[in-house]
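Architecture at a glance
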Amino acid sequence: MEQIIILGTGIGGLTAAIYMARAGLKPLLISGPEEGGQLVYTKEVENFPGFPEGILGPSLILNARKQAEKFGARFKVDIATAVEQLGDKGFIISLAEGEKIKTKTIIVATGASAKWLGITSEKRYKGRGVTTCATCDGAFFKGKKVIVVGGGDSAMEEALFLTRFASSVTVVHRRNFFRASKFMQGRLSTNSKCTVEWNKEVVEILGDGKKIFGVKLKDAITNVVSELNCEGVFLAIGHNPNTSIFKGFLEMDAAGYLKTDRFCKTSVEGIFAAGDVQDNRYRQAITAAGSGCMAAMEAEKYLRERGI
Ligand code: NAP
């Protein structure tokens with residue numbers, strides 16, 4: 001029987017692991033399908049305290065993992081597929097590779113994954129011109145015309161990053177204002193490679209079956225459909241929480257984010273949650289790390305108070 005299993009290896013899970021490991025509890029982390037979480041796909045993190053010059057997302061994750069390992073955290077590359085309660089004795093977690101692991105407590109730090117538009121043509125061209133990760137795929141679009149869909153900080157960040165490769169970057173947004181921070185909007189507006197298509201929705205990706213050559217845009221006000229030439233479509237339209245395995249077991253809000261109290265406790269005693277899986281509001285590396293610390297301290301207290 002494990003003392004503590006942490007589901008997820010993003011910055012929330014890793015911070016929880018550092019705290020649990022330093023408390024001598026040798027946490028076991030299950031990687032999940034996106035090992036390292038969203039920061040692995042982030043270029044520069046400029047707002048994590050302690051790094052005045054910024055730090056690359058993957059470096060931050062690697063450092064946190066080394067730090068957790070140094071104190072005794074263990075890692076398993078696998079995906080949790082189900083969680084069940086073992087009476088009052090804890091929980092049993094089923095993994096995709098077939099293993100079942102018993103544990104006294106769980107910290108859920110499964111994060112959130114990129115949203116897709118939900119149109120048929122997007123699936124056809126996924127990985128062949130349509131992507132959710134500029135950091136991963138930007139270099140394939142050298143000298144090409146690309147679009148970025150979205151109006152948040154991610155869209156601004158992706159667009160600015162893509163200007164290093166693309167000949168031009170058009171941000172397509174369904175409203176006439178961005179929700180991104182003024183700072184990021186300012187950077188976008190002063191970059192000569194960037195333009196914006198306001199009040200437009202992507203309704204179809206156009207291509208020859210192998211690669212894309214444009215998109216159909218519908219004007220959100222007039223409903224007029226137009227075409228825009230491009231060879232790459234980068235989606236930056238937010239994320240969905242990775243909570244499907246907890247449906248009917250842990251309480252969640254309408255969008256699927258886990259409900260927690262201010263001590264990171266979920267609706268089931270002994271299960272705590274940290275990071276984006278329970279945070280629809282801030283979704284920052286630093287807040288994920290902060291809640292990872294809180295969840296770990298509460299889980300450690302839970303074990304200690306029960307003498308287990
Ligand atoms: P977000 O703030 O939720 O923005 C998502 C954007 O996508 C919104 O503009 C939204 O439009 C649009 N959108 C959603 N669904 C859509 C659809 N089906 N079709 C077309 N457009 C759609 O997500 P985010 O930009 O990923 O940012 C998430 C959090 O991370 C935020 O708190 C952000 O500040 C933070 N972040 C910070 C940085 C940084 O500081 N450097 C970088 C990246 C992210 P509407 O505006 O119409 O809703």
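Our structure is the block above this text.
A short tour of the structure in this document, coming up.

Procedures and definitions
Residues numbered from 1 in each chain as written. Predicted model: local features only at pLDDT ≥ 70, side-chain atom pairs only at ≥ 80, totals over all residues. Heavy atoms only, no water. Helix = DSSP H or I, 4+ residues; strand = E, 2+ residues; numbered from the N terminus. Near = heavy atom within 4 Å. Polar contact = N/O pair within 3.5 Å; in protein donor to acceptor, adjacent residues only side chain to side chain. Areas by Shrake-Rupley, 256 points an atom, 1.4 Å probe, with all protein chains shown as cover. Axes fitted to C-alpha atoms, helices over the stretch in contact; angles between N-to-C directions. Parallel < 35°, antiparallel > 145°, perpendicular 65-115°, else oblique. Left-handed = near helix turned anticlockwise from the far one by under 90°. Contact = heavy atoms within 4.5 Å. Nonpolar A, V, L, I, M, F, W, Y, C, P; charged D, E, K, R; others polar. Core = buried A, V, L, I, M, F, W, Y, C linked by side-chain atoms within 4.5 Å. Buried < 20%, exposed > 50% of the residue type's maximum accessible area, 1.4 Å probe, protein only.

Below, the discussion takes up unusual backbone geometry. Look at K26: it is not a glycine, yet its phi comes out positive at around 40 degrees. Mapped onto the fold, K26 is located in the loop between α1 (11-22) and β2 (28-30). A positive phi angle, near 70 degrees, is found at N223, a position not held by glycine.

The subject of this paragraph is the site of the ligand. With respect to spatial proximity, 19 residues lie near the ligand, and among them D153, S154, R174, R175 and R179 are the closest. Within the side chain of N47, an N or O atom sits 3.3 Å from an oxygen atom of the ligand. Between a nitrogen atom of the ligand and a side-chain N or O atom of E157, the distance comes to 3.2 Å. In isolation the ligand has 910 Å² of accessible area, and contact with the protein removes 80% of it. Sorting elements by how many residues they give to the shell around the ligand places helix α5 (residues 153-162) first, with 3 residues.

What follows deals with the packing of α5 against helix α6 (residues 182-189). The description of two packed helices rests on the angle between their axes and on the distance between the axes. At a closest axis distance of 9 Å, the pairing of α5 and α6 adopts a crossing angle of 30 degrees. Regarding the angle of α5 to α6, the classification is roughly parallel. With respect to the hand of their crossing, α5 and α6 are arranged in left-handed fashion. Contact residues: α5 offers D153, M156, E157, A159 and L160, while α6 offers M184, Q185, R187 and L188. Looking at the contact of α5 with α6, its residues break down into 5 nonpolar, 1 polar and 3 charged.

Looking now at the nonpolar core. Formed by 32 residues in total, the largest nonpolar core has its most connected members in I4, I6, I11, M20, L39 and I107. If you list the elements that add at least two residues to this core, you get β1 (2-7), α1, α2 (57-70) and α7 (285-305). With 8 residues, α7 is the largest single contributor of residues to this core. Not counting residues within four places of it along the chain, the set of residues in contact with L39 comprises I11, V45, G57, P58, L60, I61 and A285.

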